[in-house]
Amino acid sequence: MQFWEWIKQPWPWYVAGPLIGLTVPLLLIMGNKAFGVSSSLRHICAACIPANIPFFKYNWRKEAWNLFFVAGILLGAIVATQWLSSGAPVVVNPKLVNTLQQYNINDYSSIVPVDLFNWPSLLTLRGFILMVAGGFLVGFGTRYAGGCTSGHAIMGLSNLQWPSLVATCCFMIGGFITANLILPAILNL
Amino acid sequence: METREIKQPAIIKETNTDFEVRSLDTICINESQMQHAWYHSLKYLVAGLFFGILLVKAEVISWFRIQEMFRLQSFHMYGVIGSAVVTGIISVWLIKKFKVKTIYGERIELHPKQFNKGQVYGGLLFGAGWALTGACPGPLYALIGTGATVIIITLLSAIAGTWVYGRLRNKLPH
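Just so we're clear, the structure is a prediction, and the values are computed from it rather than from any experiment.

Things to note about the packing of helix 5 (residues 64-83) of chain A against helix 6 (residues 137-145) of chain B
It is at 7 Å that the axes of helix 5 of chain A and helix 6 of chain B come closest, and there the two elements cross at 45 degrees. Between helix 5 of chain A and helix 6 of chain B, the crossing angle belongs to the class labelled oblique. Here the hand of the crossing between helix 5 of chain A and helix 6 of chain B comes out right-handed. Packed against helix 5 of chain A, whose contacting residues are V70(A), I73(A), L74(A), A77(A), I78(A) and T81(A), the element helix 6 of chain B presents G138(B), Y141(B), A142(B), I144(B) and G145(B) at the interface. In terms of residue class, the contact of helix 5 of chain A with helix 6 of chain B is made up of eight nonpolar, three polar and no charged.

Set out below in structure tokens:
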């Protein structure tokens, strides 16, 4: 039973990281698929709202595997939350706890900060920027960059592609600037 | 007399000449030349399930972890991504060295990625979105699964962002 208790804890990086890395050979061996998630957003556009835009005119059905993959991610998260979690609050660096306290963010019960991400705050400026504008940047930026953390940082670097290294560095630079210089102003709204 | 049909995945010639998919955007692309019935895709659902469990258990989908990463307050995210990349590099090297084939016997092909300025501009914009939402595309799906239903809006917004990119694509510097 000790094993089960361990499973329910958050997994350390040296367990989770290599297992995440194994997704790369798993998908290649399953059927020559290059690991990546952000393409699913493009396939959804191509399937639902192509609007005669050349970028969305391709045979998305051939890439349907990617949609099965992301559906699996959603199911996996349900499984992990329902049966593989202890329900303990997220343990965060005390420095971050102090910082976030200034913005009235005190709830660590869920993996997302419930103080920020909830339905009512969608109608506040702060919530709108974090959830709607942030989401837009994720979709726009990943496609402009030609991939996301999985496609560039993990798959691209695994194949030693230097453009992916450039992209990964830019993800980090954009994140550092936003988290440290821009986010504080947004959280104050 | 009836000729029995051999149920075998038919190998078809590449008819997709869409260079938009192939050249700029070599990521996340299906390299297989085979066509299968839809239920063959169910194995990717299982692979996704495995990946989704990992995302939740590693807490990499947590906004808190992303903030720690961008504030250099925790090694966790660097450890996860770093060890995933090392595992990936070793795996891809082994696949190339031993010419590993897919379960259908097809040769595994990996496409080189071409550099374009989008990786810089798009990368910076995505980095900003990552810091705000605390999620990249994979975690968006996972977060909805954890019960944070409001992230459905963030996912829809990400789809809108992808669509707007597609719309403005030829006006943007690449």
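So, the interface of chain B and chain A
Listed by partner, the interface residues are 125 residues for chain B and 130 residues for chain A. Around 11,400 Å² of area is buried between chain B and chain A when both sides are counted, 74% of it from carbon and sulfur atoms. Counting across the interface, chain B meets chain A through zero salt bridges. Listing elements by their share of the side of chain B that touches chain A, those giving two or more residues are helix 1 (19-24), helix 2 (42-57), helix 3 (63-70), helix 4 (76-97), helix 5 (118-133), helix 6 and helix 7 (151-168) of chain B.

Considering the side chain of H152(A)
Relative to the helices and strands, H152(A) resides in helix 8 (residues 149-158). A polar atom in the side chain of H152(A) sits 2.7 Å from the backbone oxygen of A145(A).

Focus on the nonpolar core
Residues F69(A), I73(A), L187(A) and W130(B) are the most contacted members of the largest nonpolar core, which totals 96 residues. The residues that make up this core include at least three from each of domain 1 (1-85) and domain 2 (116-189) of chain A. Among residues more than four places away in sequence, those in contact with L187(A) are L100(A), Y103(A), I105(A), L116(A), R126(A), L130(A) and W63(B).

Some points on the domain arrangement of chain A
Residue and element names in this part refer to chain A. Partitioning chain A into domains gives domain 1 (1-85) and domain 2 (116-189). Across the boundary between the two partners, domain 1 contributes twelve residues, which contact ten residues of domain 2. Interface of domain 1 and domain 2: buried area, both sides summed, is about 800 Å²; carbon and sulfur atoms make up 74% of it. If you sort the residues of domain 1 by the area they bury against domain 2, V24, F35 and S38 come out on top, with a joint share of 53%. On inspection of domain 1 and its partner domain 2, the count reaches zero salt bridges.

Definitions and limits used
- Residues numbered from 1 in each chain as written.
- Chains lettered and ligands numbered in written order.
- Predicted model: local features only at pLDDT ≥ 70, side-chain atom pairs only at ≥ 80, totals over all residues.
- Heavy atoms only, no water.
- Axes fitted to C-alpha atoms, helices over the stretch in contact; angles between N-to-C directions.
- Helix = DSSP H or I, 4+ residues; strand = E, 2+ residues; numbered from the N terminus.
- Parallel < 35°, antiparallel > 145°, perpendicular 65-115°, else oblique.
- Left-handed = near helix turned anticlockwise from the far one by under 90°.
- Contact = heavy atoms within 4.5 Å.
- Nonpolar A, V, L, I, M, F, W, Y, C, P; charged D, E, K, R; others polar.
- Buried area = accessible area lost by both parts, 1.4 Å probe.
- Salt bridge = Lys/Arg side-chain N within 4 Å of Asp/Glu carboxyl O.
- Polar contact = N/O pair within 3.5 Å; in protein donor to acceptor, adjacent residues only side chain to side chain.
- Core = buried A, V, L, I, M, F, W, Y, C linked by side-chain atoms within 4.5 Å.
- Buried < 20%, exposed > 50% of the residue type's maximum accessible area, 1.4 Å probe, protein only.
- Domains from an automatic or database assignment.

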